[in-house]
Amino acid sequence: MPQPPEAPDAPEELVGPLARGLDVLRVMAAGPEVRHRPGDLARTTGLARSTVDRVATTLVRLGILRTEGRDLLLAPGAAGLGNAYLASCGLPELLGPHAVALADALDESVSVAVPDGDGVRFLAQATRRRAMAISFRTGDLLPAERCAPGALFAAGWDTADVERWRARRSKDPLDTGFPSVPPRPAAPPSEEAETAFLDRVREARETGLAVDDQLIEPGLLAVALPVRGPDGAVVCAVSVVSHTSRHSAASLTEQALPPLRRAVTAMERALAEPEPAEAAPAGPAPAPGSELKEELGSGFLQSLARGLDVLRVFGSVRGPARLSELARLTGLPRATARRSLITLRRLGYVREEPDGFLVLPRVLELGYARLSGLSLPEIATPHLVALVLRVHESASVAVLDGDDIRYVARVAGTRIMHIDITVGTRLPAYATSMGRVLLGALPGAERAARLGRITPEALTPHTVTTHEGLDEAVATTAARGYGWVEQELEEGLRSLAVAVTDGTGRVVAAVNVALHAGRATPEESLAALLPPLRETAAQISADLSAVGRFSRVPSA
């Protein structure tokens, strides 16, 4: 795996807790294990167990890690670190639509990648839905010698870059430091493999394109072109990816190259066009002050929290950012922000340029690839567990599926008499609290059309069965911000629901609590359940916003 460059910083200028916190995050994201015990992290990182405990406590409070029993797991909030790079570089927003259009035109998967040391880091994907699916996660890192973009990027390497690549291959001949690619079954002959790659680099330099003929794994093919910025430097590479069941390397190149060249031209035009002036996105909250540290206790590492604030706030600035701007956005003293930047530079996460500091793609190694693959049920379930423990009733998340709702996540209550519904269950939207929330969130014309074609049936004596009554029930739900259904789906069943939104504020799901109507009066149930339900919906929405800002979150 690419190593961070050395920087001649004085040790007293480095922020130790920040460096140690990033060490822990890097280890948690690097291996195949999802769950980690603090003791294992201490052994892997070489840190003292007490240090790992303080780092973990801080990261849990910041929403970057979460706990399940004695285990530590990456939390969706960690995606905010990778989002900072993706927002600052602007490539997913500028080039992503062109990648999607190219994928649609060719009916093949398309990826956008950037150089990261002697590796290739993926930033955007436009995939095809096939049984033989081909895709990499945003943030995945590949060795340069095992993919088409690597030869394009290596065409610009100098002698020092080539020597670093040789040293990495010598140290890790099986590519075990690249968890997103299959490890080599055996180390190839060093001279033969080196010659083959350098030959591909020379060919890429001469032709301006590169081909991957089953370098990553058998059957996988790709053809790639570089995308250059206004100054002529290679910014990224775009690959069209297919499989030997559909193409040979030659036929893929012949078919894909003309539309690929047109897409690259459009991408380079997008990079050259000045962006319209607009207000910068809001940065993270200022770093915790001494009062907050006192409130959270001595186990909270304030300097780690402040350093991560500096890293996240790059997402509020397109391109390089000056120290004064970063200090202003975080609310930190310049000296504090400077020490964090020195540490981040030393670790290879930022680079200092004449016009400021630039966040680098290596930030994506801090768990982004793993988190970008999360689904809505995976994001929601930990929050449902906490809600059920708090209110002692069953809780669920559902999405609108035609005229029905479909349950995608559920945690049953602990009572002897509880609501028995499984994930995948479909129920009529008109008679459920989650359905009315989702119907109420539709645009006016779409809501009217949807309600107009629904013929409500009397599921119980309490079910609303007229179009006028259903229209009013849905409108009331939308106006008050929560859905309430009292024994309309099943006698004795009461349900309360609120909306779950994505990063754009669009309602994408609903979360509910269901209980027996005889346990409390409607007023008592509303007072006891609505506040924690809204808190849970806000937490799920925040996680969806972080994970889904640059990646699609599947509903199941």
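It should be noted that the structure appears before, not after, this text.
The present account deals with the structure reproduced in this document. (Residues numbered from 1 in each chain as written. Predicted model: local features only at pLDDT ≥ 70, side-chain atom pairs only at ≥ 80, totals over all residues. Heavy atoms only, no water.)

Another point: the packing of aromatic side chains. Within the structure shown, the criterion is met by 3 aromatic pairs. Grouped by ring-pair contacts, the aromatic residues Trp157, Trp165 and Phe197 constitute a single cluster. Directly above the aromatic system of Tyr349 lies the positively charged group of Arg362, at a separation of 5.3 Å from the ring centroid. (Phe/Tyr/Trp six-rings, centres within 6.5 Å; stacked < 30°, edge-to-face > 60°. Lys NZ or Arg CZ within 6 Å of the ring centre and 35° of its normal.)

Further remarks concern the sheet that holds strand E15 (residues 493-501). Spatial strand order, E13-E12-E11-E16-E15-E14: 6 strands in an open sheet with antiparallel pairing. In this open sheet, the two edge strands, each paired with only one partner strand, are strand E13 (426-428) and strand E14 (483-486). Averaged over all pairs of adjacent strands, the angle between their axes in this sheet comes to 30 degrees, without regard to strand direction. Contacts between helix H19 (residues 522-547) and the sheet are confined to strand E11 (394-401), E14, E15 and strand E16 (507-516), with E15 contributing the most and set at about 30 degrees to the helix. (Pairing = 2+ DSSP bridges. Helix = DSSP H or I, 4+ residues; strand = E, 2+ residues; numbered from the N terminus. Axes fitted to C-alpha atoms, helices over the stretch in contact; angles between N-to-C directions. Contact = heavy atoms within 4.5 Å.)

Attention now moves to the packing of helix H1 (residues 16-30) against helix H3 (residues 49-61). The geometry of H1 relative to H3 is characterised by a closest axis approach of 10 Å and an angle of 80 degrees between their N-to-C directions. The angle between H1 and H3 places the two elements in the roughly perpendicular class. Between H1 and H3, the contacting residues are Arg20, Gly21, Val24 and Leu25 on the first element and Thr51, Val55 and Leu59 on the second. (Parallel < 35°, antiparallel > 145°, perpendicular 65-115°, else oblique.)

Moving on, we get to empty space enclosed by the protein. Taking a probe equal in size to a water molecule and rolling it over the atoms shows the remaining empty space. The tally for this structure, following the rule as stated, stands at 3 cavities of 30 Å³ or more. Of the volumes computed, that of the largest cavity is approximately 120 Å³. Residue assignment for the lining of the largest cavity shows that the elements contributing at least two residues are strand E12 (404-411), helix H16 (433-440), E15 and E16. (1 Å grid on protein atoms, 1.4 Å probe; cavity = no way out; pocket = protein on both sides within 12 Å on 5 of 7 lines; lining within 4 Å. Points joined across faces, edges and corners; volume = space filled by probe spheres on them.)

Let us look at the pairing of strand E8 (residues 234-243). Consecutive residues of a regular strand have side chains that alternate between opposite faces of the sheet. Most of E8 sits inside the fold, with 8 of its 10 residues counted as buried. In terms of strand pairing, strand E3 (residues 109-116) meets E8 through 5 bridges, oriented antiparallel. Among the inter-strand pairings, Val112 is bridged to a residue of E8, identified as Val238. With 9 bridges joining them, strand E7 (residues 220-228) and E8 adopt antiparallel strand pairing. In the strand pairing of E8, Ala222 is matched with Val241. The turn linking E7 back onto E8 is made up of 5 residues, and Gly232 within it adopts a positive phi angle of 90 degrees. (Buried < 20%, exposed > 50% of the residue type's maximum accessible area, 1.4 Å probe, protein only.)

We now examine the layout of surface pockets. The calculated volume of the second largest pocket comes to roughly 1,100 Å³. At the level of elements, H3, strand E1 (65-68), strand E2 (71-74), helix H4 (79-89), helix H14 (368-372), helix H15 (376-391) and H19 are the ones that each hand at least two residues to the lining of the second largest pocket. Of the residues contributing to the lining of the second largest pocket, the split by class is 22 nonpolar, 12 polar and 10 charged. (Nonpolar A, V, L, I, M, F, W, Y, C, P; charged D, E, K, R; others polar.)

Turning our eyes to something else, we now look at unusual backbone geometry. Here the phi dihedral of Asp107 falls at roughly 55 degrees; this positive angle occurs in a residue that is not glycine. Tracing the chain through its elements places Asp107 in the loop between helix H5 (91-106) and E3. A residue is classified by how much of its surface remains accessible, and Asp107, at 37% relative accessible area, is partly exposed. Of note in this structure, Gln214 is not a glycine but carries a positive phi near 65 degrees. For Gln214, the location among the structural elements is in the loop between strand E6 (210-213) and E7.

Turning next to the sheet that holds E3. If you trace the 6 strands from one edge of the open sheet to the other, you get E5-E4-E3-E8-E7-E6, paired in antiparallel fashion. Bordering the open sheet on either side are strand E5 (141-143) and E6, each of which pairs with just one other strand. Neighbour-to-neighbour, the strand axes of this sheet turn through a mean angle of 30 degrees, independent of strand direction. Contacting E3, strand E4 (119-126) and E8, H5 crosses the sheet at an angle of about 25 degrees to E8.

Turning our eyes to something else, we now look at the pairing of E11. For E11, the buried fraction is high: 6 of the 8 residues fall into the buried class. Where E11 meets E16, 5 bridges bridge the pair, whose relative direction is antiparallel. For Val397, the partnering residue across the bridge sits in E16 and is Val511. Two successive antiparallel strands, E11 and E12, enclose a turn made up of 2 residues, where Gly402 displays a positive phi of approximately 70 degrees.

To continue, consider the nonpolar core. Ranked by size, the top nonpolar core spans 112 residues in total, and within it Leu22, Leu25, Val240, Leu260, Phe314 and Val397 carry the most contacts. For this core, the leading source of residues is helix H9 (residues 249-272), giving 9 residues. Ignoring anything within four residues of it in the chain, the contact list for Leu22 reads Leu308, Leu344, Leu347, Tyr349 and Leu366. In this structure, Val120, Ala144, Trp165 and Ile216 belong to the second largest nonpolar core, which totals 29 residues. (Core = buried A, V, L, I, M, F, W, Y, C linked by side-chain atoms within 4.5 Å.)

A word on the environment of Leu95. Note on placement: Leu95 falls in helix H5. Using a relative accessible area of 0% as the deciding quantity, one classes Leu95 as buried. In the structure, Leu95 is positioned 168 residues away from Ala263 in sequence and 9.3 Å away in space, judged by C-alpha atoms. If sequence neighbours within four positions are ignored, Leu95 has contacts with Cys236, Met267 and Leu271.

This paragraph deals with the packing of helix H12 (residues 323-330) against helix H13 (residues 334-346). For the pair H12 and H13, the least separation of the axes is 9 Å and the interaxial angle reads 110 degrees. Taken together, the axes of H12 and H13 are roughly perpendicular relative to one another. Every pair of crossing elements has a handedness; the one defined by H12 and H13 is right-handed. Here H12 contributes Leu323, Ser324, Leu326 and Ala327 to the contact with H13, which in turn contributes Arg334, Ala337, Arg338 and Leu341. (Left-handed = near helix turned anticlockwise from the far one by under 90°.)

Okay, the pattern of salt bridges next. The full count for this structure, using the stated rule, is 35 salt bridges. The partner of Arg168 in a salt bridge is Asp118, and the shortest N-O contact between them spans 3.1 Å. Of this pair, Arg168 sits in helix H7 (residues 159-171) while Asp118 is found in the loop between E3 and E4, placing the two residues 50 residues apart along the sequence. The exposure classification of Arg168 matches that of Asp118, with both residues buried. One salt bridge in this structure joins Arg146 and Asp175, with 3.0 Å as the shortest N-O distance. Residue Arg146 is found in the loop between E5 and helix H6 (148-154), and its partner Asp175 is found in the loop between H7 and helix H8 (190-207); the two are separated by 29 residues along the sequence. With relative accessibility at 2%, the residue Asp175 sits in the buried group. What emerges from the salt-bridge pattern is a single network uniting Asp118, Glu145, Arg146, Arg168, Arg169 and Asp175. (Salt bridge = Lys/Arg side-chain N within 4 Å of Asp/Glu carboxyl O.)

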